[in-house]
Amino acid sequence: MFSRFRPVISRETISGACCLTGFGRPFGLAADLQGRYYVADMDLHCIFRFDAKLEYFQWLDNVAGWSSPVEVLNGRVQSHKRRKPLDFNGPHSIAVAADGAMFVTTYYDPGVIMLSSEGSLLKVWGRGEDNEPTLAGPATGVLGANGLLWVTEYRLNAVFAYDTYTMSLKGALGGGRPGFRESEGFMPGSGACFFDRPHMARTDHEGNLIVVDTWNHRLQKFSPDGEFIGCLGGEKKGWVRTAKSVEASKSLGAFYAPVSISFDSHANLVVTDWGNSRLQWFDAEGRFVADDYSLPLENPYDAQIFDGRCVVANSAKGEVYVKSLL
């Protein structure tokens, strides 16, 4: 499918960080082994890819492959207006495997699209094919160990585990039931193993699964088998072994609709606190370390740490920040 889309991306320095402008509504972030950065843009219905120096970019809005490289301009440009989708209708996230294969979650046309490194179609999950469950609102897909892809289902209040080697569904977590079991019937709730519109699931340095339980305003931790371990949110003392209803709050260590997490090389945790327009840092035990207002954020949807850099999707303003942590 031929695309007439010709985006313009520019860069400037704000608060000591590189600020990339010209996006529509950037959401999910990723990086590959070559140090390239990826941005899923919900409003422009495409994936952007930048070289490690942020000097050039390409885009992918259909399964015909990447565009030719285009230079990143200096200065600032306005955000692009929403456009009609081609093959990706509302790409919410992108994950990149070691071999370059890409996994894109599409929210408006619910599904998970697997692509080759060149951008050609390999597989689609979640649209009722091969007797697999139909997805309703997949948010973020994150690659974990052993070829697992953790897909957080915002509308179904669950986390789906896909085996990318066998290209099949392993199971799903949620609905108040521990373990990866049935793939339907997930009611929202505030107890252990219940979610209310979760946004991301990612494994920590010990192999445990951390689920960003967005509208319960907390994180939940599970063993690799899906057994409940504890909750984080509303208190500064770290993970607690009980699950309870947590109110949205501006207090330090508390959240207002958290949406994403990432880890640095020391296992410290950064949480994107969407409703409070800030980042919050916790140590490996979940104890509060600091809140971060160093960037002028407005309802950011993702913050990921890649090789000593913190990359932030400042979604409401159509910006992506790249800040050194060294």
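Residues numbered from 1 in each chain as written. Predicted model: local features only at pLDDT ≥ 70, side-chain atom pairs only at ≥ 80, totals over all residues. Heavy atoms only, no water.

A.B. asks: Break down the overall build of the protein for me, citing the residues and quoting the values.
C.D. replies: The helix and strand tally for the protein stands at zero helices and 28 strands. Radius of gyration (C-alpha) of the protein: 19 Å, near the 20 Å computed for a compact globule of 326 residues. The principal-axis extents of the C-alpha atoms in the protein amount to approximately 50 × 50 × 30 Å. Relative to its full complement of 326 residues, the protein shows a buried share of 58%. Long-range pairs, those at least 24 residues apart, make up 46% of the contacts in the protein between residues at least 6 apart in sequence. Here the protein has roughly 13,500 Å² of accessible surface; of this, 48% comes from carbon and sulfur atoms. Averaged over its 32 positive side-chain charges, the protein has a centre that lies 5 Å from the centre of its 37 negative ones. (Helix = DSSP H or I, 4+ residues; strand = E, 2+ residues; numbered from the N terminus. Rg over C-alpha atoms; globule rule 2.2 N^0.38 Å. Buried < 20%, exposed > 50% of the residue type's maximum accessible area, 1.4 Å probe, protein only. Contact = heavy atoms within 4.5 Å. Areas by Shrake-Rupley, 256 points an atom, 1.4 Å probe, with all protein chains shown as cover. Lys, Arg positive; Asp, Glu negative; His and termini not counted. Charge placed at Lys NZ, Arg CZ, Asp CG, Glu CD.)

A.B. asks: Give a description of the sheet that holds strand 4 (residues 37-41) that names residues and reports values.
C.D. replies: Sheet architecture is open: five strands sit in the order 3-4-5-6-7, paired in antiparallel fashion. With partners counted over all chains shown, the strands left at the sheet margins are strand 3 (26-31) and strand 7 (70-71), one partner each. Relative to strand 6 (residues 56-60), strand 5 (residues 46-50) is paired through four bridges, and the arrangement is antiparallel. Pairing of Ile47 across the sheet is with Leu60, part of strand 6. (Pairing = 2+ DSSP bridges.)

A.B. asks: How would you sum up the pairing of strand 21 (residues 228-232)? Please name residues and give values.
C.D. replies: Of all five residues that make up strand 21, four are buried, and the element is covered over most of its length. As defined by bridge partners, strand 20 (residues 218-222) adjoins strand 21 across four bridges and the pair is classed as antiparallel. Across the sheet, Phe222 pairs through a bridge with Phe228, a residue of strand 21. The antiparallel pairing of strand 20 with strand 21 creates a hairpin that spans five residues between the two strands, and Gly226 there sits at a positive phi of about 90°.

A.B. asks: With reference to specific residues and values, describe the side chain of Asp273.
C.D. replies: If you trace the backbone, Asp273 turns up in strand 23 (residues 269-273). Given a relative accessible area of 0%, Asp273 falls into the buried group.

A.B. asks: Tell me about the nonpolar core, and name the residues and values.
C.D. replies: Counting 21 residues, the largest nonpolar core has Ile9, Leu20, Phe23, Phe48 and Phe50 as the members making the most contacts within it. When contributions to this core are tallied by element, the ones reaching two or more residues are strand 2 (17-21), strand 4, strand 5, strand 6, strand 27 (309-314) and strand 28 (319-324). Counting residues per element, this core draws most heavily on strand 5, at three residues. When residues no more than four places from it in sequence are discounted, the contact partners of Phe50 are Ile9, Leu20, Phe23, Arg36, Tyr37, Val39, Tyr56, Phe57 and Val72. (Core = buried A, V, L, I, M, F, W, Y, C linked by side-chain atoms within 4.5 Å.)

A.B. asks: Lay out the sheet that holds strand 8 (residues 73-74) with the relevant residues and their values.
C.D. replies: One open sheet accounts for six strands, arranged 8-1-2-28-27-26; its pairing is mixed. If you trace the sheet from one side to the other, it starts and ends with strand 8 and strand 26 (302-306), each paired once.

A.B. asks: Please set out the pattern of salt bridges residue by residue, giving values where relevant.
C.D. replies: Scanning the entire structure with this criterion turns up 11 salt bridges. Of the charged contacts in the structure, one is a salt bridge between Glu12 and Arg76, with a shortest N-O distance of 2.5 Å. Residue Glu12 is found in strand 1 (residues 10-14), and its partner Arg76 is found in the loop between strand 8 and strand 9 (91-96); the two are separated by 64 residues along the sequence. The partner of Arg25 in a salt bridge is Asp43, with the nearest N and O atoms 3.1 Å apart. You can see Arg25 sitting in the loop between strand 2 and strand 3 and its partner Asp43 sitting in the loop between strand 4 and strand 5, a full 18 residues away along the chain. Accessibility expressed as a relative area gives 22% for Arg25, which makes it partly exposed. Classification of Asp43 by relative accessible area gives buried; the value is 12%. One continuous salt-bridge network, built from bridges that share partners, spans Glu12, Arg76 and Glu319. (Salt bridge = Lys/Arg side-chain N within 4 Å of Asp/Glu carboxyl O.)

A.B. asks: Lay out the packing of aromatic side chains with the relevant residues and their values.
C.D. replies: Evaluated as defined, the whole model comprises 24 aromatic pairs. With 5.2 Å between their ring centres and 90° between their planes, Phe23 and Phe48 make a pair best called edge-to-face. Of this pair, Phe23 sits in the loop between strand 2 and strand 3 while Phe48 sits in strand 5, and the two are 25 residues apart along the sequence. By relative accessible area, which is 0% here, Phe23 ends up buried. Residue classification places Phe48 among the buried residues on the basis of a relative accessible area of 0%. Here a set of aromatic residues connected by ring pairs shows up, and it is made of Phe5, Phe23, Phe48, Phe50, Phe57 and Trp59. Cation over ring: Arg49 sits above Trp66, and NZ or CZ is 4.1 Å from the ring centre. Over the face of the ring belonging to Phe5 we find Arg83, whose NZ or CZ atom lies 3.9 Å from the ring centre. (Phe/Tyr/Trp six-rings, centres within 6.5 Å; stacked < 30°, edge-to-face > 60°. Lys NZ or Arg CZ within 6 Å of the ring centre and 35° of its normal.)

A.B. asks: Residue-level account of the pairing of strand 28, with values.
C.D. replies: Pairing of strand 2 with strand 28 involves four bridges; the strand directions are antiparallel. Residue pairing across strands places Leu20 opposite Val320, the latter belonging to strand 28. Remark: four residues form the turn of the hairpin made by strand 27 and strand 28, two consecutive strands paired antiparallel; Gly318 in that turn has positive phi of roughly 65°.

A.B. asks: How would you sum up unusual backbone geometry? Please name residues and give values.
C.D. replies: Although it is not a glycine, Met167 sits at a positive phi angle of roughly 55°. For Met167, the position within the fold is in the loop between strand 15 (158-163) and strand 16 (168-174). With phi around 50°, Asn299 is a residue other than glycine that occupies positive phi space. For Asn299, the position within the fold is in the loop between strand 25 (288-292) and strand 26.

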